[in-house]
Structures are given as C-alpha cells and as structure tokens.
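As a plain string of letters, each chain reads:
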Amino acid sequence: MSALIDRDEFPLLARAPELVYLDSAATTQKPRAVLDALRAYYEHDNANPHRGAYALSARATERYRAARERIARFFGLADADCAIFTRGTTEALNLVAASWGRANVGAGDEIVVSGAEHHANFVPWQQLALERGARFRICELAPDGRIDLDQLRAMLGPRTKVVAFHHVSNVLGTINPVREIAELAHGVGALAVCDGAQGAPHLPVAFDQLGVDFYALSGHKMLGPMGIGVLLGRREVLERMPPYMMGGDMIEFVHDDRSTWNVLPHKLEAGTPNVGDAVGLAAAAELLDAIGMDRVRAHEQALVRTAYERLSAIEGVHVYGPAPDARSGVVSFTVGDVHPHDLATILDARQVCIRAGHHCAQPLMRRLGVAATARASFYVYNDESDIDALVAGVRTAKELFGHATV
Amino acid sequence: MSALIDRDEFPLLARAPELVYLDSAATTQKPRAVLDALRAYYEHDNANPHRGAYALSARATERYRAARERIARFFGLADADCAIFTRGTTEALNLVAASWGRANVGAGDEIVVSGAEHHANFVPWQQLALERGARFRICELAPDGRIDLDQLRAMLGPRTKVVAFHHVSNVLGTINPVREIAELAHGVGALAVCDGAQGAPHLPVAFDQLGVDFYALSGHKMLGPMGIGVLLGRREVLERMPPYMMGGDMIEFVHDDRSTWNVLPHKLEAGTPNVGDAVGLAAAAELLDAIGMDRVRAHEQALVRTAYERLSAIEGVHVYGPAPDARSGVVSFTVGDVHPHDLATILDARQVCIRAGHHCAQPLMRRLGVAATARASFYVYNDESDIDALVAGVRTAKELFGHATV
Amino acid sequence: MPPSDPGGGDAPAPHLSALYQEVILDHYRRPRNRGTLEHPDVAVAKKNPLCGDEIHLHLAFDGDRVREVRFTGQGCAISQASASMMTQALAGKTAAEIGAVARRFSEMVAGDPAAARDAALGELRALAGVAKIPVRHPCALLAWNALAEALSTRG
Amino acid sequence: MPPSDPGGGDAPAPHLSALYQEVILDHYRRPRNRGTLEHPDVAVAKKNPLCGDEIHLHLAFDGDRVREVRFTGQGCAISQASASMMTQALAGKTAAEIGAVARRFSEMVAGDPAAARDAALGELRALAGVAKIPVRHPCALLAWNALAEALSTRG
Ligand SMILES: Cc1ncc(COP(=O)(O)O)c(C=O)c1O
Ligand SMILES: Cc1ncc(COP(=O)(O)O)c(C=O)c1O
C-alpha cells in the first residue's frame, strides 16, 4: 500500500513531507500535471471562447470543447454535449432542482430523498417542495447504511416526481446500487438524480450504463481545480428543460419581449465559461484514466480496510457505517468521550488533517444520534504510513483525555 | 502611450510578440502575478475552507477571507461580507433576478432595463417579467448613447420594482451616470441594479458612494482568472433576500422539514467556494490598485482617442457611440460593406484580434440598425503600435474588398 | 502608398487573397437568384445566432428536379457568396444529384484537396480557401444547411 | 509503550498538553452549574452550526447582581469547560463586573499575554492555550457570546 501516485507529483504534499492529508472527501490536493495544464491554458490559449472571430479565440473554444469531450469520455457519456459544466456538485444539483423542478413539480407531487444526503442534495429539494406545495419524503437507511430499498419501493407511487440520492455517502462511505434505484424511480415515471460528488472521484462511473437521468460531480474532489464541476444528463431530459441562468452564449435570439435558446450544452451554460478550470479538470481525468479507476478503487479499499481494522481495534473507538469491503475510502468514527473537534485539534498538532463535524449532513447525524463525527478519507496519494500517523494520533488523544473514561 | 503594464508581465503576450490583442472587453490576458498567486494557493494553502479543523484548512479559510476583503476594498465596499463571490457577472445578475426578483416582483409590477443592456442584464429580467406577469419596459438611449434620463424619469412609477442598467456599454463604451440613475430608481422605491462588467475593470468604482443596491462584475475582464466574479450589495437588501442556491456552508440548521440560513456572505454562497480563483482575483485587484485606476482610465482614454480619430479618418469607416472623451476603452465600427466577420478574419491573418458580431447585445444592435459591428477594446497592455496594426489591417481589408464600393 | 507607411494596408496574407477573390466578392455584392418565389414548394430559413448571418431559401420542384430557387439573406461575404453560388449549382438537379454536390462541398470545406479540385463543384471551388479558417466554416455551410433541411422537409 | 511503537501515542505537542490539562477535562466531564432554573430572568441559547456545539444559559438576578446561573449544552471539551468555568466566575457579580471579566477573557483568547496572567480570570486562565489555535476560538467564546446576548437582552 504505497501511494498510487507519488506525493512528489503533488506540490503541496511534496513541500510538506510531514503532512498527513486525510480530508480528500472535502477536497483533494492537486497534481503538478493539473496545475501545469491550468497555467498552460492561460499562457497559450486564453481568450473568450464562442465569441471571437480570431485564431486565439478559436483555440480557446477548441480547448473548452476538447475538455468537455475528455471528461464525458472519462465518465462513459457518449453524447458529450450532455456534459454541462457547472461550478460543482452543488450548482449542478441546484440547476436540476430549479430548472427541471420548477417546470415539473407541482402541488401534491412527491419528492423522495434519502436520510443520508449531503445538504446539497437535500435542501434544494426540501425548498422546492416547500415552494411548490409538494410532499418531501425521506427514505431511511437499511442497517448496512445503504438506502432501504424496501422502504423506497413502498414510498414510490404515481405522484413521485423525483428520486434524489447519493452514489457514495460522504460520511459513511456506503455505496448505493445506483442502477437499481434508477430503475425503481423510472418504474413510477420519476426522475432519478444521483449526487456523484463522492462517486465520481473514487469509482469507475459509466453514465450511459447507470440508468440515472442526472449525475452531479465536483472537479475539486477528483484532483481538479476548484470552481468547476459537471452535470451529466440524458439528452431527452436536458432538451426539455428551460434554461437555468440567462445571459450570453445560452440564447439564440433576444427579442424585446421574448427570447429563444441555444442548443445543448450552451442552453444550460450562461456567461463566459470557466475554460481554465475545465482544462484543468480534463487533465485530472486524463491522469486518473492513465492509472485506471479500478486501481484507484482497489487502492482505497486496501487503505480503508487497514484503517477500519486498526481503528476498530482501539478500545473506545466506534466506526460508523458498513464493513470495509462495502465502502469507499471514507471512515467516520468517534473516540470515547473525546469530542471530534478536540480529536481533530490533537491530530492537527501532529500534522494529521481530518475533518470533524456534521459533514454537511445534519439529517444523517440526527439519524446516527451524534452531533459530530471525526472523518478520515483517502485518495491516490495516501499510503499506509498515513494510517500509522492517524492511529498514533488517536492513541495520543486518548492518553491526553485519560484512558479511564474512554 | 506605451503600455501601462509591460507585455512581458503577461506570459501569453510575451510568448507571441506579434499578437495584437484588442478583445479585452470579452476577456483580458492574465499577468504573471495573478497566475503565480493562483498556483501558490494550490501549492501552499489548498484545502476546503470553513469546514476543517486543521491548520491547512484554516489557512485556506483565511486566504479566502482575505481575498474577499482585498476585493471589497478595491471596490470601495467597507462591509466586506457584502461582497458575494459568483462565477461572474452573469451569475451575479441571475442571482439578484432569481432571489430578490422572485421574492419581490409580482403581477402588474414593472421592471425597467435599457435598450443597450448585455443579454446578461436583459434576459434574466425579461424572463422574470414573463414568469411573474410583470411588465418589462425598455428605456431607450439618448443620441449620445447614454440612457435617456428624461424617458427613464417618465417611465418610473409606483409599480417600478427594479431598474437594471449598465455602467459602461460593452458595444459603445458609453459611461452612464450611475448615481443619478440610482437616485431616480430609489425615488420611486425601486431597486437599482448595475451591470459593472465593463465598469469595474476600467473605471475607479467606489461602491459605497455609487448609491446602487447591486453592482455585478467579472474577474476575467480585469486581469483575474476565469470562474470568479463578484456581486457587491447593500447589507440591508442582502439580509432580506432568500438564498439563491442551497447546499453546504449556506445553511445554519437543516431539519427534516425546513432549514435556516447562515449569515452573509455564506447565505448566498452555496457549496465549496472557488478559493483559488478568488485569490487570483485579489492579486489582480492588488496590481490594479498599485497602478491606480485613474491611470488605467487615462491610459485607455488616450488609446481610445487615437483609435477613434484614426479610424474615423478612413473613408467608409463608421464609428458607433459617443465622442472619445465620454467613453471607456471600446470602439465599435463598421467598414463600408465589408462585413465585420470578414474584417475580423482579415485582421486575424495579421494577428490582430478584434471581436465581430452582436456582442451579446441583440436589442442594441436592432436599435443601431446593424446585424453586427467590429469591436476593438483596450487595456493596460495595449500601446499605440496596436492601433497602428488595427488601422493598417482595416486598410488592407478595404483594399481586398476593392475601394470602389466602400 | 509605400509599404513602410504604418497607416497603409500591407499586402494581405496569401490565403486571404485566395479567399476574398473577385468571384466571391462579386457574388456577395451581386447575388444571383436573389428574391422569393410566389409559390415555393419548400421555404426554409436558417440563422447563425452567433454572427447574425441569415439565409431564407425558396425552392420549387418539377417532380424530383429543382425548377426554381431563390434566396434572401444577410451576412458576411462568405455566407452570402456561398448561398448565391449554391443556388446556381442547384438548377435542374434532382435531390440525389444535389446531395452529391452538397457532400462534395462540405468535404472541400473540411479541407479535402480532391474535393477542392473537383470540377463538379464549378465556381464553388472559389470557397476552398475557407478550409484554412475553421471559425468561418459555419458561414460557408449556412446556406447548405438550409438546403439540407429543405430537402428533408420535402421528404 | 515505547515511543518507537508506531501504534502507540507519541508525546503530544506541548501546547496541547497545556490546553487539555486536568482542570479543563474535569470541567468538561463534571460541569459545574449544569442544569436549568425554574424561573430564570433571562434564558438564551447559542449554537455553532459549523461544529454543532450548543449552550443554553439561564440567569437569575438580585437587582444588578447575578444570583444564580445554570447551563446545559453539548460540544467539545473547550466549549463545555469554558461554559462551566464561566458560570463559576459570574456568581454574585454585577453586569459591569461581568463585562470586565468577559472583555479580559476575550483578550486572553486573542493572545494577550497580560490577560493570560491576570488573576481576575482565575481558573479560566487554563484556557489560555486556545489562543494558539484560531480555529477553536469560537468554541472558547460560545458561552460568552450567549452571556453577552443575555446581558443585552436584559437591557
Ligand atoms: C456589459 C456586460 N455585462 C455582462 C457581461 C457578462 O459577463 P460574464 O460573461 O463574465 O458573466 C459582459 C461580458 O461578457 C458584459 O460586457
Ligand atoms: C456527497 C456530496 N454531495 C455534494 C457535495 C457538494 O460538493 P461541492 O461543495 O463541491 O459543490 C459534497 C462535498 O462537499 C459531497 O460530499
């Protein structure tokens, strides 16, 4: 379990050899290849795409188009114009809730989410339901942490308009059966919207085979720059959606009293696009493809298994969620009565970076019956020594707080 | 009229000494200082801000906060939490139209825009009016290209809810009297929303003195990276607005059936922020402040005066808009029956980059009675030799098309 | 004017002279078959919102053969000359024959040197220079896209 | 356990031992004045949504002086110990006296070394170590923010 991509490839990690970065579920560190691609775009090809009639602008347009194509290919989406660039998962999900949602969800309709959604896939639907007078229903989790399919099946009906659910939980690491859930949703004529923020970076994703209508993801969680994400969608649904934002590029004709819209993907991308960060994300996809997402998955599984076992073996440590083989590279845990924030502070003094809190999943925390957990998450640059440091830090925290009460 | 910032400071321009870049109104080239700041963030301080309990995340949070403060200071906004980061002007204006607009504009209300708005400040309001059954009114331009204040005054009334207008026209370069228009709007209790996309990069802007409720701008048009922009707002109005997007960071508590919102600026910034590009934009503001916006303005005025005079002197050339002293660094023109796209192609062959088309301002083009114009726009890296190249290119185009019909 | 005069137009790049040659400017300024038909069998309009170019095409058929064709429109020299030359190339041809010319034309625009020499394209070969300028391909193809729609509308 | 054992806890950083000292852990685990008042003059609640820490504060006054104070809450050792120690520091003090202590406490958290030595803060000085950890300042200050709100509510 040495790192899958050497730390030296990540300037921040290379500069801080002692740093143990275990918060990749929040955001990942950036490889040199991505930073180079980003900078090279600005140094060689920068212009406003789509709008210019000169070679430099044509080059910017081409870089943007190629980035879209590269990323679509990475995610197994044949129709690249159905990959809509957004700022991230949050904007992608809000786009669907606002554009598709306002056009299709009315009073008495039902929206179904799970009790383990990130706020980004929970609050937009909750608020849409409140605005529309629709019923907002929360499907609970099975004992293994995955969405309870029996309950879901029982919940779905002719009034169900949307089933919004996560591919991978950012708290528990559980992996949901996406295809099965999409089929259940489609069985009652509902839209299947998948939050892929934690799926896209960690698992092979073949959108055209997944069966969902939408899959949302963030570039910054998969080695890409901040400020860019993608909404993968089915053309049939995208074509029928009204625009989300309005402005340049997304229009066809602007009359004084009405407007008509451009074709996909432009209809859903108003304003000057973020070409630089899109190019950076394409470089990240290139890198991950070169390694192979199967190997990324295997690497994380090995790390998560070790972390799970070694943490569970410490008296007083409670690990949340399923067995290691059924989860992605996330481990949430608590240590006796050591509060997760105190634990994070103690680990931080040892340069071990973990996250502590509700992880933007307050509904799930209520269901777990805790106010906060500590969370360690892994990625391609982590290796077994990072787990050593984590485990040692947890032991130190226990000592500091006194073994007795643990 | 040598460049105000040397071309050598701009890697793209330094690499292509022959390139004559005259499309800064679409997007500017990036100085090394901005690219360095962007990269340094990723190499030293990258983490998800607001969420971590470790030093690296605290550093990212601090970089993000400091960037906001730096940018607010640049724009004369004392209350930095009223500078909301967006992807750009388009998102900023859509945010206001969707969040403030949906909460405040009803059937029979009136929305006023000018006939020279960029689509980003036209279509969102037009569509809001259509959605709400409000009346969408277009104030025409005075002969000098500025908004006709007499007509505007006559148009405003108790049903007017919003006056949305541009600071500087991206086609004509005209500069509107922002304070006066804001006062007229406030006189009837309407919101004053200013599209500052072409004002922010080119004129000194002191938000707290401007009197508008909102001022929207794009980082990429003022030496900053793509993917970042700002909505400057008045706290009183921002506080009363519902959120725009929903997700992480912008919530306070998420209950199963309802949610409450975080304080400003977070309420209006859902999801992982684009820290990298915000840091880049702060570096751009730093650079522009060091030069002084008065000098930026003077430099552009000198260029625009020369360009205006030399282009006007060519037989068959028609320059649109006001006299050079009353305009910002933009010159739109046509050359006899040489179509602007043909002109742009001919100039491009000489490495002169201008824009041709409707400039995302179809309503204005109808009013000017043209389908397209050519547009040259200037910034800190341009000098007189760029105008020489432009003028020579225009002459070549005339020759190619044959003098006779010009 | 001496070439050293910074205010004068220097010699244009060779591929531009090749593109903006006499025949193209002539079609731009004196378009052939400009106008409308009173009783067209098919009428279609195509616009390129990005640059404002627009073409309206009227076609009348005699059985499978084009009897008459007219166009109106506005836009750059390339789009208008392409439309004008296209209308000349259509007269009397069957849908199948037109399809063959259209394919050849788009091959030429895409940069196929054989197509650029193909006598079947006649005067249209004057537009071969556009191949080198990708941003202008949509201009050259606008009228042809209108034509394709017209033919498919007719069934 | 020998320090070389990679599974064992190494010695913690010195500023952490200073922070998580006996007195703080004792207040965390056995909070003083924990509970509610039947008839509080003021009751306020403060939460930090970022980390889930929460403090409910009940105060009863005798004229201008605090007669009784109780709190409930949950959260990290720092927020809960700070609340517990604070309640001890309040008893019998006037609003003005409390204001002075609160100011001194926030100076200490902000890193003022004189405040960290000020006998007026009593046991609260155990929290001086938090000054070095900016992300934890909100934890130390949560109860004090509730107190400030309580006093201003009372007028
Ligand atoms: C006047 C004006 N408003 C709005 C915009 C839109 O800005 P952006 O595309 O960066 O969102 C632009 C530039 O494209 C502009 O010139
Ligand atoms: C499961 C999940 N959904 C959505 C998000 C939101 O992503 P972003 O903040 O990049 O928009 C995250 C991460 O923060 C996440 O883990």
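No experiment lies behind these values; they were computed from the predicted model shown. For every chain, the first residue of the written sequence is number 1, and numbering continues from 1 onward in sequence order. The naming scheme follows written order: chains are lettered A onward, ligands numbered 1 onward. With pLDDT at 70 or above as the cut-off, local features in this predicted model cover only qualifying residues; side-chain atom pairs require 80 or more to be listed or tallied, and sums for whole chains, interfaces and linings still use all residues. Just so you know, side-chain values use all the structure's heavy atoms and leave hydrogens and water out.

## Notes on the overall build of chain C
Thinking step 1. Segments assigned H or I by DSSP are reported as helices when at least four residues long, segments assigned E as strands when at least two residues long, and all are numbered from the N terminus. For chain C, the count of helices and strands is six helices and three strands.
Thinking step 2. Ordered by position from the N terminus, the helices and strands of chain C form the series α-α-β-β-β-α-α-α-α.
Thinking step 3. Against the globule reference of 15 Å for 155 residues, chain C gives a C-alpha radius of gyration of 16 Å, in line with a compact fold.
Thinking step 4. Overall size of chain C, expressed as C-alpha extent along the three principal axes, is 60 × 30 × 25 Å.
Thinking step 5. For each residue, the accessible area found with a 1.4 Å probe, counting protein chains only, is set against the maximum for its type, and the residue is called buried under 20%, exposed over 50%, and partly exposed in between. Across the 155 residues of chain C, 45% fall into the buried class.
Thinking step 6. For chain C, long-range pairs separated by at least 24 residues make up 59% of all intrachain contacts whose partners lie at least 6 apart in sequence.
Thinking step 7. In the form shown here, chain C has an accessible surface area of approximately 7000 Å², with 52% of it arising from carbon and sulfur atoms. Both definitions apply: the radius of gyration is a C-alpha atom measure, and the globule rule equals 2.2 Å times residues to the power 0.38. Any two residues having at least one pair of non-hydrogen atoms within 4.5 Å are treated as being in contact. In these tables, accessible area is a Shrake-Rupley quantity obtained with a 1.4 Å probe, and a residue counts as shielded only by the protein chains included in the view.

## Describing the relation of the copies chain B and chain A
Thinking step 1. Least-squares superposition aligns the copies on the C-alpha atoms of those residues with pLDDT at or above 70 in both. Overlaying chain B with chain A gives an RMSD of 0.0 Å, the required rotation being 180° about an axis along which the chain moves by 0.0 Å. Put plainly, the chains are arranged around a two-fold axis. In terms of C-alpha distance to the rotation axis, chain B has B:Gly227 as its closest residue, with the C-alpha 3.1 Å off the axis.
Thinking step 2. Of the residues that chain B buries at the interface, 100% are likewise interface residues in chain A, meaning the two copies contact each other through the same surface.

## Observations concerning the interface of chain A and chain C
Thinking step 1. If you look at the interface, chain A gives five residues, while chain C gives four residues.
Thinking step 2. Summed over both sides, the interface between chain A and chain C buries roughly 460 Å², with carbon and sulfur atoms accounting for 77% of that surface.
Thinking step 3. A simple way to read buried area is as the amount of 1.4 Å-probe accessible surface that goes missing from two parts once joined, with both sides added. The largest contributions to the chain A side of the interface with chain C come from A:His50, A:Glu252 and A:Phe253, which together make up 60% of the buried area.
Thinking step 4. Criterion for a salt bridge: a side-chain nitrogen of Lys or Arg within 4 Å of a carboxyl oxygen of Asp or Glu. Between chain A and chain C we count zero salt bridges in total.
Thinking step 5. Here a polar contact is taken to be a pair of N or O atoms separated by no more than 3.5 Å, where protein atoms must pair a possible hydrogen donor with a possible acceptor and residues adjacent in sequence count only if both atoms sit in side chains. Along the contact surface separating chain A from chain C lie zero residue pairs in polar contact (both at pLDDT 80 or more).
Thinking step 6. Each residue gets one of three labels, nonpolar for Ala, Val, Leu, Ile, Met, Phe, Trp, Tyr, Cys and Pro, charged for Asp, Glu, Lys and Arg, and polar for the others, Gly among them. Considered class by class, the residues forming the side of chain A that touches chain C number three nonpolar, one polar and one charged.

## Digging into the nonpolar core
Thinking step 1. Among buried residues, the Ala, Val, Leu, Ile, Met, Phe, Trp, Tyr and Cys ones that are joined through side-chain atoms within 4.5 Å form a nonpolar core. Core analysis: the largest hydrophobic core is formed by 224 residues, its most contacted members being A:Trp125 and B:Trp125.
Thinking step 2. In contact with A:Trp125, other than residues within four places in its own chain, are A:Val96, A:Ala97, A:Ile111, A:Val113, A:Phe136, A:Val162, A:Ala164 and A:Val193.
Thinking step 3. Membership of the second largest hydrophobic core comes to 78 residues, among which are B:Ala356, B:Phe378, C:Ile78 and C:Trp144.

## Description of the site of ligand 2
Thinking step 1. Throughout, near means a residue has at least one heavy atom within 4 Å of the molecule or strand. Lining the immediate environment of ligand 2, one finds 14 residues, of which A:Thr90, A:Asp195, A:Ser218, A:Lys221 and B:Thr272 sit closest.
Thinking step 2. In this structure, ligand 2 sits where chains A and B come together, each supplying nearby residues.
Thinking step 3. Between an oxygen atom of ligand 2 and a side-chain N or O atom of A:Gln198, the distance comes to 2.7 Å.
Thinking step 4. Within the side chain of B:Thr272, a nitrogen or oxygen atom sits 2.6 Å from an oxygen atom of ligand 2.

## Let's talk about the packing of helix α2 (residues 32-45) of chain A against helix α2 (residues 32-45) of chain B
Thinking step 1. Every axis corresponds to a line fitted to the C-alpha atoms, with the helix fit spanning only the stretch in contact, and the corresponding angles, defined between N-to-C directions, vary from 0 to 180 degrees. Where α2(A) contacts α2(B), the two axes come as close as 11 Å, and the packing angle between them is 165°. Considering their axes alone, α2(A) and α2(B) lie roughly antiparallel with respect to each other. Seen from above, α2(A) lies across α2(B) with right-handed handedness. For the pair α2(A) and α2(B), the contacting residues are A:Arg32, A:Leu35, A:Asp36, A:Leu38, A:Arg39, A:Tyr42 and A:Glu43 in the first and B:Arg32, B:Leu35, B:Asp36, B:Leu38, B:Arg39, B:Tyr42 and B:Glu43 in the second.
Thinking step 2. The residue makeup of the contact of α2(A) with α2(B), split by class, is six nonpolar, no polar and eight charged. Roughly parallel here means an angle under 35 degrees, roughly antiparallel means over 145, roughly perpendicular means 65 to 115, and every remaining angle is called oblique. By definition, any crossing whose near helix is turned counterclockwise from its far helix by less than a right angle is left-handed, and any crossing with a clockwise turn is right-handed.

## A short note on the domain arrangement of chain A
All names here are of chain A.
Thinking step 1. Annotation comment: domain bounds sourced from an automatic or database domain assignment. Taken domain by domain, chain A consists of domain 1 (7-22 + 292-400) and domain 2 (34-289).
Thinking step 2. Centre-to-centre separation of domain 1 and domain 2, based on C-alpha positions: 28 Å.
Thinking step 3. Taken together, the contact pairs 30 residues of domain 1 with 31 residues of domain 2.
Thinking step 4. Both faces combined, the contact of domain 1 with domain 2 buries some 2400 Å², and carbon together with sulfur accounts for 64% of it.
Thinking step 5. When residues of domain 1 are sorted by the area they lose upon contact with domain 2, Met293, Leu364 and Tyr379 head the list and together hold 26% of the total.
Thinking step 6. Where domain 1 meets domain 2, there are one salt bridge.
Thinking step 7. For Glu140, the salt bridge identified is with Arg367, shortest N-O distance 2.6 Å.
Thinking step 8. Elements with a minimum of two residues in the side of domain 1 that touches domain 2: α11 (293-312), β12 (330-335) and α13 (362-368).
Thinking step 9. When the residues that make up the side of domain 1 that touches domain 2 are grouped by side-chain class, the tally is 17 nonpolar, seven polar and six charged.

## Focus: unusual backbone geometry
Thinking step 1. Of note, the bond from A:Leu264 into A:Pro265 is cis; its omega dihedral lies within 30 degrees of zero at 0°.
Thinking step 2. Note that A:Pro265 resides in the loop between β10 (259-261) and α10 (275-291).
Thinking step 3. In this model, A:Cys360 sits at a positive phi of 55°, which is unusual for a non-glycine residue.
Thinking step 4. Positive phi values are uncommon outside glycine, yet D:Asn33 reaches one of about 55°.
Thinking step 5. Looking at where D:Asn33 falls in the secondary structure, it is placed in the loop between α2 (22-29) and β1 (42-48).

## A closer look at the packing of helix α12 (residues 340-348) of chain B against helix α14 (residues 384-401) of chain B
All names here are of chain B.
Thinking step 1. Relative to each other, α12 and α14 sit at 120°, their axes nearing to 9 Å. As for the relative orientation of α12 and α14, their crossing is right-handed in sense. Packed against α12, whose contacting residues are Asp342, Leu343, Ile346 and Leu347, the element α14 presents Leu390, Gly393, Val394, Thr396, Ala397, Leu400 and Phe401 at the interface.

## Notes on the sheet that holds strand β6 (residues 191-195) of chain B
Residue and element names in this part refer to chain B.
Thinking step 1. The rule for pairing is simple: two strands pair if DSSP sees at least two bridges between them. Read across the sheet, seven strands follow the order β2-β8-β7-β6-β5-β3-β4 without closing on themselves; strand pairing throughout is mixed. In this open sheet, the two strands that pair with only one neighbour each are β2 (83-86) and β4 (135-139). When strand polarity is set aside, the average angle formed by the axes of neighbouring strands in this sheet is 20°.

## Description of the state of the cysteines
Thinking step 1. The term disulfide is used for any two cysteine sulfur atoms that are within 2.5 Å. Considering all chains together, one arrives at zero disulfides over all chains under this definition.
Thinking step 2. The thiol of D:Cys76 is not disulfide-bonded; the next cysteine sulfur, from D:Cys139, is found 3.8 Å away.

## A word on the interface of chain B and chain A
Thinking step 1. On the chain A side, the residues contacting the 87 residues of chain B number 87 residues.
Thinking step 2. With both sides pooled, the region where chain B packs onto chain A buries about 6900 Å², and carbon together with sulfur makes up 54% of that total.
Thinking step 3. The interface formed by chain B and chain A includes ten salt bridges.
Thinking step 4. Linking chain B with chain A are 40 residue pairs in polar contact (both at pLDDT 80 or more).
Thinking step 5. Split by residue class, the side of chain B that touches chain A holds 40 nonpolar, 26 polar and 21 charged.

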